[in-house]
Amino acid sequence: MSGYSDIIDKIKIRFPEAITFEQPTSDEFPTLWIDNNSIISVLTFLKNESDMQFRFLYDLSAIDEQARNHRSGQPESKFTVVYLLLSYFRNQFIRLKIGLTGDRPTAPTATSVWKSANWYEREVWDMFGIHFDGHPGLNRILMPRYWKGHPLQKAHPARATEMGQFKMPEEQMLEQQDILQFKPEEWGMKSDSPTNDDIMFLNLGPQHPGTHGVLRLILKMDGEFIADIVPDIGFHHRGAEKMGERQSWHTYIPYTDRVEYLSGVLNNLPYVMAVEKMGGIEVPDRAKIIRIMLCELFRISSHLVWYGTFAQDLGMMTPVFLTFYDREKLFTIIEAICGDRMHPNWFRIGGVAQDLPTGWEQLVEDFVKYFPPRLKEYDKMVMKNRIFKARTVGIGVYNTDEAIEWGVTGPGLRATGLGWDMRKQQPYSGYDQFDFEVPVAVNGDCYDRAWVHVEEMRQSIRIIEQCLKNMPAGPYKSTHALTTPPVKERTMYDIETLINHFVNISWGPVLPPTEGFCCIESSKGNNGYYLVSDGSTASYRTRIRTPSFPHIQFVPEYSKGYTIADLMAILGSVDFVLSDIDR
């Protein structure tokens, strides 16, 4: 945890009574408990101090502590609010916590410090029932407004079978429909005219093809131009974090595949790396490189879906058929290696499910030769198309400061001129051994976001080719006792190995009481898992930090003044998936 002592010292000097506990975790960065009355001052200090510059609110979540057994001297807390900050200036994370007690747990809002805190605090209220004093609109965000209870509280049922038989009498249906009715004044959209004849409200979605899923956008129109937008999310919410509390560390892996269903194993990686960090598991080099190769194949697969559908959003029909054809060729490799396609469920705690099959080299080599010329064809067809340029250049513009303020990562951030890529800045799984470039644009518009996506596919091919030529020999799975499933070679030869295998499969590995966080550069931005272990076979708290959630919160901010046609270009350039927003 080197390089953090000056931060802690300066907080202690500036706010002598602020730090109440320094919590040890499995992370490389500190976790500081802060006095509730000092939290906003400390957050502001960390954000604005010239040699700190923790300008990025990476995540804001909470923990229900009421059923937790192992808290290792932590301050008294019924609910804990967790702030994870990132400094691009220092290339460092820091985690702050505040403990809440009483029948009405309440924290001060951080929306005065970060605009992106708005949705995060709404989610914490929705899921945990924690109030945020001063929040501009503390309404439910993932659950419908008529929902009773707060799903991530430990007392809330985890399964439908625990909630009794579902019934909906007509009176209840009418009541719920009335609650779901959009009321502009609740969102600060009240018209200046008593008859509302100066503006018009339009529903875009949740069935519109331009929203790429069940996303509803309520548009306030001033003539043909957008005056404001209210995103209505949650239609795709499946309780992915709640599921993490009732699955074992091992059996939760298939659920991660489906959090962002276009990126496959890119969803597995941050989860298994967080578990490995908490368990002290060292992954063999061969497993690391196999993981990288599969991740880059899925990065291309996801970008191909984005490329074709983005062009289709802007009126081009041919590209989507061609990009999906190339995606099918890529899935031939995925299927040969993993046995499945979109949701391969192939990474494991300690390695991967199986070694690479015979003949994998030829499949990968053929694709590495085939794909670059196809990208050149797409350049001529899409990126150099004058109509495409007219629809994207200078549309949906934002700068680096705005991107950081609102929580933008991935291609959307690099399109503004900041060349931040987790694979380069904080390398994981062996990415520091690879030679590749980070594509960076400068204008921050729809066209530059598209350009970064396209160039990333070229860099992914470079990485895959290096995996092909330099794949190390050795085991594909760790020999650590917590590896699941463990290596089977000795299971029929000695009883200890057989017992270990049986327990890890049937019951699941037991991780020590600790906390750990791991994030990666996924296809749509930074994807991370924050896990809390209470010393059992399942996670006590599973927090999934997805890129699409803050990206969609930001859309209304830079879409005002454009037309609906421009909004289609903006939404397409964001490259989001509803399952990634709603989890």
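A quick note: this is a predicted structure, and the numbers were derived from the prediction, not measured.

Engineer: I keep staring at the side chain of Ser522 and nothing clicks. Help me out?
Structural biologist: Here Ser522 shows up in the loop between β13 (514-521) and β14 (526-533). Classification of Ser522 by relative accessible area gives buried; the value is 4%.

Engineer: Sorry if this is basic, but what is going on with the nonpolar core here?
Structural biologist: What tends to happen in soluble globular proteins is that the nonpolar side chains get buried as a cluster. Core analysis: the largest hydrophobic core is formed by 165 residues, its most contacted members being Leu46, Leu96 and Met293. When residues in this core are grouped by element, the largest group, 14 residues, is from helix α8 (residues 285-313).

Engineer: Whenever I open this one, the packing of α8 against helix α15 (residues 446-470) confuses me. Can you help?
Structural biologist: If you want to describe how two helices pack, look at the angle between their axes and the distance between the axes. Between α8 and α15, the least distance of the axes is 9 Å, while the angle of their chain directions is 150°. With respect to each other, α8 and α15 are oriented roughly antiparallel. The element α8 and its partner α15 pack so that their crossing is left-handed. In this structure, α8 contributes Ile289, Ile292, Met293, Glu296, Leu297, Arg299, Ile300, His303, Leu304, Trp306, Tyr307 and Phe310 to the contact, and α15 contributes Ala450, His453, Val454, Glu456, Met457, Ser460, Ile461, Ile463, Ile464 and Cys467. Residue classes in the contact of α8 with α15 are distributed as 16 nonpolar, 3 polar and 3 charged.

Engineer: Mind showing me how you'd approach the pattern of salt bridges here?
Structural biologist: A full pass over the atoms with the stated rule returns 40 salt bridges. Its salt-bridge partner being Lys524, residue Glu260 comes within 3.6 Å of it at the nearest N-O pair. Taken together, the residues Glu260 in the loop between α6 (253-257) and α7 (265-279) and Lys524 in the loop between β13 and β14 connect sequence positions 264 residues apart. In terms of burial, Glu260 and Lys524 fall into one category: buried.

Engineer: What is the right way to look at the layout of surface pockets in this model?
Structural biologist: To find the voids left in a structure, one rolls a probe of water-molecule size over its atoms. The calculated volume of the largest pocket comes to roughly 890 Å³. Forming the walls of the largest pocket are 42 residues, and the residues nearest its centre are Leu142, Met143, Pro144, Gly234 and His237. The set of elements that each furnish at least two residues to the lining of the largest pocket consists of α3 (117-128), α4 (170-180), β9 (216-222), β10 (225-232) and α5 (240-243). Residue composition of the lining of the largest pocket, grouped by class: 23 nonpolar, 5 polar and 14 charged.

Engineer: Just to check I follow, could you spell out the sheet that holds strand β8 (residues 200-204) for this structure?
Structural biologist: Sheets are built from strands paired through backbone hydrogen bonds, the pairs being either parallel or antiparallel. With antiparallel pairing, 3 strands are arranged side by side in an open sheet as β8-β9-β10. Each end of this open sheet is capped by a strand with a single partner; those strands are β8 and β10. Put simply, the sheet's adjacent strands are angled 25° from each other on average, direction ignored. Summarising the sheet, β9 and β10 pair through 7 bridges and their orientation is antiparallel. Looking at β10, one finds that Arg216 is bridged to Asp232.

Engineer: Please clarify how helix α2 (residues 39-48) should be interpreted in this entry.
Structural biologist: Each full turn of the α-helix corresponds to 3.6 residues, which orients residues three or four apart in the same direction. The element α2 is largely enclosed, with a buried count of 7 among its 10 residues. Structurally, α2 contributes buried residues whose contacts are with α1 (5-14), β2 (31-34), β4 (79-87), β5 (92-100), β6 (106-108) and α12 (400-406).

Engineer: Is there a simple way to think about unusual backbone geometry in this case?
Structural biologist: With the exception of glycine, the majority of residues adopt a negative phi angle, and the majority of peptide bonds are in the trans configuration. Located in the positive-phi region is Asn91, a residue other than glycine, with phi close to 60°. Considering the arrangement of structural elements, one finds Asn91 in the loop between β4 and β5.

Engineer: Hey, could you run me through a positive patch on the surface in this one?
Structural biologist: A contiguous patch of positive charge on the surface is contributed by Lys376, Lys380, Lys384 and Lys389. Position of Lys389 relative to the elements: it lies in helix α11 (residues 386-392).

Engineer: Explanation requested: the packing of α3 against helix α17 (residues 548-559) in the structure shown.
Structural biologist: Relative to each other, α3 and α17 sit at 120°, their axes nearing to 9 Å. Overall, the two elements α3 and α17 adopt an arrangement that is oblique. In terms of crossing hand, the pair formed by α3 and α17 is right-handed. Contacts between α3 and α17 pair Asn118, Trp119, Tyr120 and Glu123 from the former with Phe549, Pro550, Ile552 and Gln553 from the latter. For the contact of α3 with α17, the residue count by class is 5 nonpolar, 2 polar and 1 charged.

Engineer: Can you walk me through empty space enclosed by the protein in this structure?
Structural biologist: On inspection of all chains with the given rule, the structure shows 4 cavities of 30 Å³ or more. By volume, the largest cavity amounts to about 90 Å³. Lining the largest cavity are 15 residues, and of these Tyr398, Val408, Gly412, His551 and Val574 lie nearest its centre. Looking at the lining of the largest cavity, the elements with two or more residues in it are α13 (411-414), α15, α17 and α18 (564-574). The greatest single-element share of the lining of the largest cavity, amounting to 3 residues, is contributed by α17.

Each value, and the rule that gives it
Residues numbered from 1 in each chain as written. Predicted model: local features only at pLDDT ≥ 70, side-chain atom pairs only at ≥ 80, totals over all residues. Heavy atoms only, no water. Helix = DSSP H or I, 4+ residues; strand = E, 2+ residues; numbered from the N terminus. Buried < 20%, exposed > 50% of the residue type's maximum accessible area, 1.4 Å probe, protein only. Core = buried A, V, L, I, M, F, W, Y, C linked by side-chain atoms within 4.5 Å. Axes fitted to C-alpha atoms, helices over the stretch in contact; angles between N-to-C directions. Parallel < 35°, antiparallel > 145°, perpendicular 65-115°, else oblique. Left-handed = near helix turned anticlockwise from the far one by under 90°. Contact = heavy atoms within 4.5 Å. Nonpolar A, V, L, I, M, F, W, Y, C, P; charged D, E, K, R; others polar. Salt bridge = Lys/Arg side-chain N within 4 Å of Asp/Glu carboxyl O. 1 Å grid on protein atoms, 1.4 Å probe; cavity = no way out; pocket = protein on both sides within 12 Å on 5 of 7 lines; lining within 4 Å. Points joined across faces, edges and corners; volume = space filled by probe spheres on them. Pairing = 2+ DSSP bridges. Patch = residues over 30% accessible without salt bridge, like charges linked within 9 Å, V, L, I, M, F, W, Y side chains within 5 Å. Areas by Shrake-Rupley, 256 points an atom, 1.4 Å probe, with all protein chains shown as cover. Lys, Arg positive; Asp, Glu negative; His and termini not counted. Charge placed at Lys NZ, Arg CZ, Asp CG, Glu CD.

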